[in-house]
Amino acid sequence: MAAARNACVIGWPAGHSRSPLIHGYWMRRYGIGGEYRKEAVRPEDFAAFVGSLAARGYAGANVTLPHKEAALALSRPDERARAVGAANTLWLDDGVLRSTNTDVEGFLASLDAAAPGWDRARTALVLGAGGAARGIVFGLLERGFAEVHVANRSPARAQALRARFGERVMPAAWPVSRDLLSCAGLVVNATSLGMHGQPPLDLDLAPLRSDAVVADIVYVPLVTPLLTAARARGLRTADGLGMLLHQAVRGFSLWFGVTPAVTPELRHVVEADLLAS
Ligand code: NDP
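These lines cover the structure that appears in this document, whether it is placed above or below. Given the structure is predicted, the values throughout are model-derived calculations rather than measurements. (Residues numbered from 1 in each chain as written. Predicted model: local features only at pLDDT ≥ 70, side-chain atom pairs only at ≥ 80, totals over all residues. Heavy atoms only, no water.)

### Notes on the layout of surface pockets
In this structure, the largest pocket encloses a volume near 1,600 Å³. Lining the largest pocket are 48 residues; nearest its centre among them are Leu65, Lys68, Gly131, Ala132 and Ile217. Of all the secondary structure elements, the ones that give two or more residues to the lining of the largest pocket are strand 3 (58-63), helix 3 (68-73), helix 6 (131-142), helix 7 (155-165) and helix 10 (240-247). Taken together, the residues of the lining of the largest pocket break down into 20 nonpolar, 20 polar and eight charged. Each of domain 1 (6-102 + 248-276) and domain 2 (104-242) accounts for three or more of the residues forming the lining of the largest pocket. (1 Å grid on protein atoms, 1.4 Å probe; cavity = no way out; pocket = protein on both sides within 12 Å on 5 of 7 lines; lining within 4 Å. Points joined across faces, edges and corners; volume = space filled by probe spheres on them. Helix = DSSP H or I, 4+ residues; strand = E, 2+ residues; numbered from the N terminus. Nonpolar A, V, L, I, M, F, W, Y, C, P; charged D, E, K, R; others polar. Domains from an automatic or database assignment.)

The following block contains the structure:
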């Protein structure tokens, strides 16, 4: 049987995902003669759907809300997906359904690209303790950060990250103190604050060191008020679109056997779509 050349994103709803745009661009660019589709699948139908991926002609799939935990439970996860407790990418490996969480590498790779040497810092401050923050905290620990301070409006969720990942994770007060900001080499906004329709993130960057790097994973708008303030201070920054693009690389390579490049042209394609919506 010829290898399946299709993939999809499974969500409920699936309407807002940018994955078809990104993977569709790469499929044309690399001459993969298949389709990347959106599949709107209800939670109660998810297990049957992923159980029939091969029969539906899929080499694998992205998984978005609300299925990421079910995807983990229904597959053989790698270490990252297991550690984060959620899977966003599925692939068939000799008939076995496997999974990973590519938000971790998407975040790390976007910082590598936007601010080379960023991981020389030893102390990071992550704002937020939701689903995305979990992958980011794990990625920072994997890169060897000695202290990852996590400030979250609901303190119990920051405590839960320490319980999950260990003592290098340090729950911090919300709002963030000036002292903590002054010792962080990396600040990451992993809350939804600053996103269109949400309140802004109220954070005075004045105490930050001049070599600190500021990352925002929010990508609507592309340039958040936090990034604008960081750039005004002359700090290096990484935006949320970088993470979104880099997290897509691994799935494409697992499904189609080609490692795609995150290029300025791809960025422009997705930026234009974000601006138009
Ligand atoms: P979750 O709902 O899991 O977490 C939301 C986080 O934001 C929590 O820490 C929550 O705090 C905090 N928060 C929300 N509202 C407020 C508020 N008014 N004041 C203080 N804190 C607040 O969402 P995700 O982790 O999945 O996503 C977070 C953001 O990251 C979204 O904007 C999403 O679009 C973006 N994202 C970007 C990705 C990329 O590739 N660039 C990938 C994944 C997500 P609390 O726990 O107290 O509720």
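There's more to say after this.
### Remarks on the site of the ligand
Taken together, 21 residues sit near the ligand, with Ala132, Asn152, Arg153, Ser154 and Arg157 positioned nearest. In this structure, glycine 131 approaches the ligand through a main-chain N or O atom, which is 2.9 Å from an oxygen atom. In this structure, serine 154 approaches the ligand through a side-chain N or O atom, which is 2.5 Å from an oxygen atom. In isolation the ligand has 920 Å² of accessible area, and contact with the protein removes 77% of it. (Near = heavy atom within 4 Å. Polar contact = N/O pair within 3.5 Å; in protein donor to acceptor, adjacent residues only side chain to side chain. Areas by Shrake-Rupley, 256 points an atom, 1.4 Å probe, with all protein chains shown as cover.)

### A word on helix 5 (residues 103-114)
Counted at 1.5 Å a residue, the expected span for helix 5 with its twelve residues is 16 Å, and the 16 Å between its end C-alpha atoms agrees. Restricting attention to buried positions, one finds in helix 5 the residues Asp103, Val104, Glu105, Gly106, Phe107, Leu108, Ser110 and Leu111. (Expected span 1.5 Å × (residues − 1). Buried < 20%, exposed > 50% of the residue type's maximum accessible area, 1.4 Å probe, protein only.)

### What to know about the packing of aromatic side chains
Pairs of aromatic rings are described using the distance from one ring centre to the other and the angle between the two planes. Counting across every chain of the model gives nine aromatic pairs. On the numbers, 5.6 Å between centres and 65° between planes, the contact of tryptophan 26 with phenylalanine 252 is edge-to-face. Within this pair, whereas tryptophan 26 is found in helix 1 (residues 19-29), its partner phenylalanine 252 is found in helix 11 (residues 249-256), the two being separated by 226 residues in sequence. A residue is classified by how much of its surface remains accessible, and tryptophan 26, at 0% relative accessible area, is buried. Summarising the aromatic geometry, the rings of tyrosine 30 and phenylalanine 252 are spaced 6.1 Å apart at their centres and angled 50° between planes, so their arrangement reads as tilted. (Phe/Tyr/Trp six-rings, centres within 6.5 Å; stacked < 30°, edge-to-face > 60°.)

### Things to note about the pattern of salt bridges
Taken as a whole, this structure holds 14 salt bridges when the rule is applied. Here glutamate 105 and arginine 80 are joined by a salt bridge, their closest N and O atoms 3.0 Å apart. Of this pair, glutamate 105 sits in helix 5 while arginine 80 is found in helix 4 (residues 79-84), placing the two residues 25 residues apart along the sequence. Close ionic contact of aspartate 112 with arginine 143 constitutes a salt bridge, the shortest N to O distance being 2.7 Å. In this pair, aspartate 112 sits in helix 5 while arginine 143 sits in the loop between helix 6 and strand 8 (147-151), placing the two residues 31 residues apart along the sequence. Assessed through its relative accessible area of 32%, aspartate 112 is described here as partly exposed. Since its relative accessible area comes to 29%, arginine 143 is described here as partly exposed. (Salt bridge = Lys/Arg side-chain N within 4 Å of Asp/Glu carboxyl O.)

### A look at the sheet that holds strand 2 (residues 36-40)
Spatial strand order, 2-1-3-5-6-4: six strands in an open sheet with mixed pairing. The sheet is open, and its two edges are formed by strand 2 and strand 4 (76-77), each paired on a single side. Looking at chain direction, strand 4 and strand 6 (residues 96-100) are connected through two bridges and run parallel. Looking at the pairing, arginine 76 lines up with arginine 98 of strand 6. Across the sheet, helix 1 lies against strand 1 (6-11), strand 2 and strand 3, angled at about 160° from strand 2, the strand it touches most. Sheet strands touched by helix 11: strand 1, strand 2, strand 3, strand 5 (89-93) and strand 6. Its angle to strand 5, the strand with the most contacts, is close to 20°. (Pairing = 2+ DSSP bridges. Contact = heavy atoms within 4.5 Å. Axes fitted to C-alpha atoms, helices over the stretch in contact; angles between N-to-C directions.)

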